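If you want the building blocks of each chain, they are given just below.
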Amino acid sequence: MLSFVTRPLRQFFPTFASLVCWCGSLGALTFCILGLSAFAAPDYWFADNMSFFLRQFLVAGLLGCLAGTLGLLMLHRLRLIYRTVWILAVVSFLSLVGLTAARTLENTARIETRAAGEKVIKVISINTERMFLGDKRLTAFMERQQPDILVIQEALWWLQERRWERLERPIGGLGENGYPDHVEVGASGSLVIYSNFPIRLENSTIVLGELHDTASVIHDPDRELLQVSLDTGARDLKLLAVHPDSPRSLVRWQNKRRYFDEADNVIQELQQSSDDPLVVIGDWNSAPWSARFQQTLSQNGLKTAYPGGWPRTTRFFFDYRLHWILGSPVDQFAVSEGVKVLNVSTGPDIGSDHLPLIVELELPSPGNN
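It should be emphasised that the depicted structure is a prediction, and the values quoted were computed from it without experimental measurement.

Draft legend 1. Local environment of the overall build of the protein chain. The helix and strand tally for the protein chain stands at eight helices and 13 strands. For the protein chain, the spread of C-alpha atoms along the three principal axes comes to 85 × 50 × 45 Å. Residues counted as buried form 50% of the 369 residues belonging to the protein chain. In the protein chain, once contacts between residues fewer than 6 apart in sequence are set aside, the share between residues at least 24 apart is 71%. Roughly 17900 Å² of accessible area belongs to the protein chain as shown, and the carbon and sulfur atoms make up 59% of that amount. Between the averaged position of the 34 positive side-chain charges in the protein chain and that of its 39 negative side-chain charges there is a distance of 13 Å.

Draft legend 2. The packing of aromatic side chains, seen in detail. Evaluated as defined, the whole model comprises nine aromatic pairs. Three or more aromatic residues link up through ring pairs in this structure, and these residues are F31, F52, F53 and F57.

Draft legend 3. Examining the sheet that holds strand β2 (residues 149-153) more closely. Strand order in this open sheet of six strands is β3-β4-β2-β1-β13-β12, and the pairing throughout is mixed. Single-partner strands in this sheet number two, and they are β3 (182-185) and β12 (340-346). Pairwise comparison of adjacent strand axes, ignoring direction, gives a mean angle of 15° for this sheet. Sheet topology note: the β12/strand β13 (residues 357-362) ladder contains six bridges and is antiparallel. When the bridges of β13 are listed, K340 appears paired with E362. Of the strands in this sheet, β1 (121-127), β2 and β13 touch helix α5 (residues 136-145), which is tilted by about 165° from β1.

Draft legend 4. Expanded view of the pairing of strand β6 (residues 223-231). Most of β6 sits inside the fold, with eight of its nine residues counted as buried. Where strand β5 (residues 199-207) lies against β6, eight bridges are found, and the strand directions are antiparallel. Looking across to β6, one finds that I199 is bridged to L230. Alignment of β6 against strand β7 (residues 236-242), held across six bridges, turns out to be antiparallel.

Draft legend 5. Highlighting empty space enclosed by the protein. Here the structure, examined in full by the defined rule, presents three cavities of 30 Å³ or more. Volume-wise, the largest cavity comes out at about 70 Å³. Y306, P307, D331, Q332 and L357 are the residues nearest the centre of the largest cavity, which is lined by 13 residues in total. With three residues, strand β11 (residues 331-335) is the largest single contributor of residues to the lining of the largest cavity. Split into classes, the residues belonging to the lining of the largest cavity amount to eight nonpolar, three polar and two charged. Its volume calculated, the second largest cavity comes out at about 40 Å³. Lining of the second largest cavity is provided by V207, L208, G209, P221, R223, D245, N255 and Y259. Here the lining of the second largest cavity is composed, by residue class, of four nonpolar, two polar and two charged.

Draft legend 6. Spatial organisation of the nonpolar core. In this structure, I149, I193, I281, F333 and L361 are the most contacted members of the largest nonpolar core, which totals 25 residues. Every element with two or more residues in this core is listed here: β1, β2, β6, β7, β8 (278-283), β11, β12 and β13. Residues contacting I193, with those up to four places away along its chain left out, are I149, L150, V151, H182, V183, E184, I199, L226, V228, L239 and A241.

Draft legend 7. Structural context of the environment of G338. With respect to the helices, strands and loops of the structure, G338 is situated in the loop between β11 and β12. You can call G338 partly exposed: its relative accessible area is 33%. Placed 26 residues apart in sequence, G338 and P364 show a C-alpha to C-alpha distance of 5.6 Å.

Draft legend 8. Focus on the state of the cysteines. Under the defined criterion, the tally for this structure stands at zero disulfides. C32 carries a free sulfur, and the closest cysteine sulfur to it, the one in C65, is 5.7 Å from it. Judged by relative accessible area, which is 0%, C32 ranks as buried.

Draft legend 9. How the structure looks around the layout of surface pockets. Its volume calculated, the largest pocket comes out at about 900 Å³. E154, R223, S246, R248 and R252 are the residues nearest the centre of the largest pocket, which is lined by 36 residues in total. In terms of residues, the lining of the largest pocket owes the most to one element, helix α2 (residues 45-49), which gives three residues. Split into classes, the residues belonging to the lining of the largest pocket amount to 13 nonpolar, 12 polar and 11 charged.

Conventions adopted
- Numbers given to residues run from 1 along each chain, matching the order in which its sequence is written.
- Per-residue local features of the predicted model are confined to residues with pLDDT of at least 70, and side-chain atom pairs are confined, for both listing and counting, to 80 or more; whole-chain, interface and lining totals are unaffected and use all residues.
- Based on all heavy atoms of the structure, the side-chain values leave hydrogens and waters out of the count.
- Helical segments are the DSSP runs of H or I of at least four residues, strand segments are the runs of E of at least two, and each set is numbered from the N terminus.
- The cut-offs for exposure are 20% and 50% of the maximum accessible area for each residue type, with area from a 1.4 Å probe on protein chains only; residues under the lower value are buried, those over the upper are exposed, and the others partly exposed.
- A contact between two residues is defined here by any heavy atoms of the two lying within 4.5 Å.
- Throughout, the Shrake-Rupley method with a 1.4 Å probe supplies accessible areas, and for residues the shown protein chains are the sole cover considered.
- Note on charges: Lys and Arg go in the positive column, Asp and Glu in the negative column, and His and the chain ends are not counted at all.
- For this purpose, a charge sits on NZ of Lys, CZ of Arg, CG of Asp or CD of Glu.
- Stacked, tilted and edge-to-face are the three classes applied to pairs of Phe, Tyr and Trp rings, where Trp contributes its six-membered ring and a pair requires centres within 6.5 Å; stacked means planes under 30 degrees apart, edge-to-face means over 60, and tilted covers the rest.
- Two strands pair if DSSP finds at least two bridges between them.
- Helix axes are fitted to C-alpha atoms over the stretch in contact, other axes to C-alpha atoms as well, and angles between N-to-C directions run from 0 to 180 degrees.
- Grid points spaced at 1 Å over the protein atoms alone were grouped into cavities, where a 1.4 Å probe fits but cannot get out, and pockets, open sets with protein on both sides within 12 Å along at least five of seven lines, with lining residues defined by an atom within 4 Å of a point.
- Grid points are joined across faces, edges and corners, and a volume is the space filled by probe spheres set on the points.
- Amino acids outside the nonpolar list (Ala, Val, Leu, Ile, Met, Phe, Trp, Tyr, Cys, Pro) and the charged list (Asp, Glu, Lys, Arg) are all regarded as polar, and Gly is one of them.
- What is meant by a nonpolar core is a set of buried Ala, Val, Leu, Ile, Met, Phe, Trp, Tyr and Cys residues, joined one to another through side-chain atoms within 4.5 Å.
- Sulfur atoms of two cysteines make up a disulfide when they are within 2.5 Å.

See below:
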């Protein structure tokens, strides 16, 4: 009786282990192919969106390859096919690692040290997801950081104004709780730029988008680009705030591509108008491994950088505690030649589904770019 029971168990464990190894190799191959599609076919909606999940694909590919490697020590009925699948998985994984590393380093500036006597400019970008700018968690963060420039996306400014008025406080909290003294609001009220530096010029460009039939009434397919020129004392700084549509559907992805085309035009116009340094910052709704994002940097001579040298989650899903697993780095910045990047970091959970992006910069001296 005992042998009758143990014999199936002896057969079960090798079979189960073999199944796990097969799943590991096949899973690694599948995830790596999905990741590689972002490099092979970036002009297609599905493939381009795979760039959001490259970190997850890399982890899944590594675990799958390790599980598949253990399977080499076991006997399989289809041993030759198993080895072939495992080899393809490993090659695909190594290819994805190489391409991801190369794309991460592409158009990336090195972190430099502050020059003696030069002023550090702290710029913070936050997609507040329509939260009230007087929220206690947000104002506490602002008081700690004391930014020189603050760029807000999804501000819903007309509702912000009503809330400030009802509280009988200065609209926008100007000069309070760490908020800078000057403010410029985009035409649609979605993008807002605060600055401790006087704002010389501003311009808001509306990029019309196509509205999907089933879109929520809250969703606005028309997006804006908000540009300002700031008097920093030593020289002017051009700043462009961006927030394209999220590519959750083919229509919205096409809206985002049109937005990027218009952003390229605006950046080129800004660069041609003067040699003042330029900062482009906001929620790009693009991972740094997106070919279209890198194209904008390359053709406009812009550089970016990442916290600790590696893109970190700025947009998380469901719960902040899961941001390492369920999230993507979509909030980016880019600077023109001559602007030194001194530090890049992300802030804490402030109540939005985005983390603040914190950048410390040093501008070139007048006449030096």
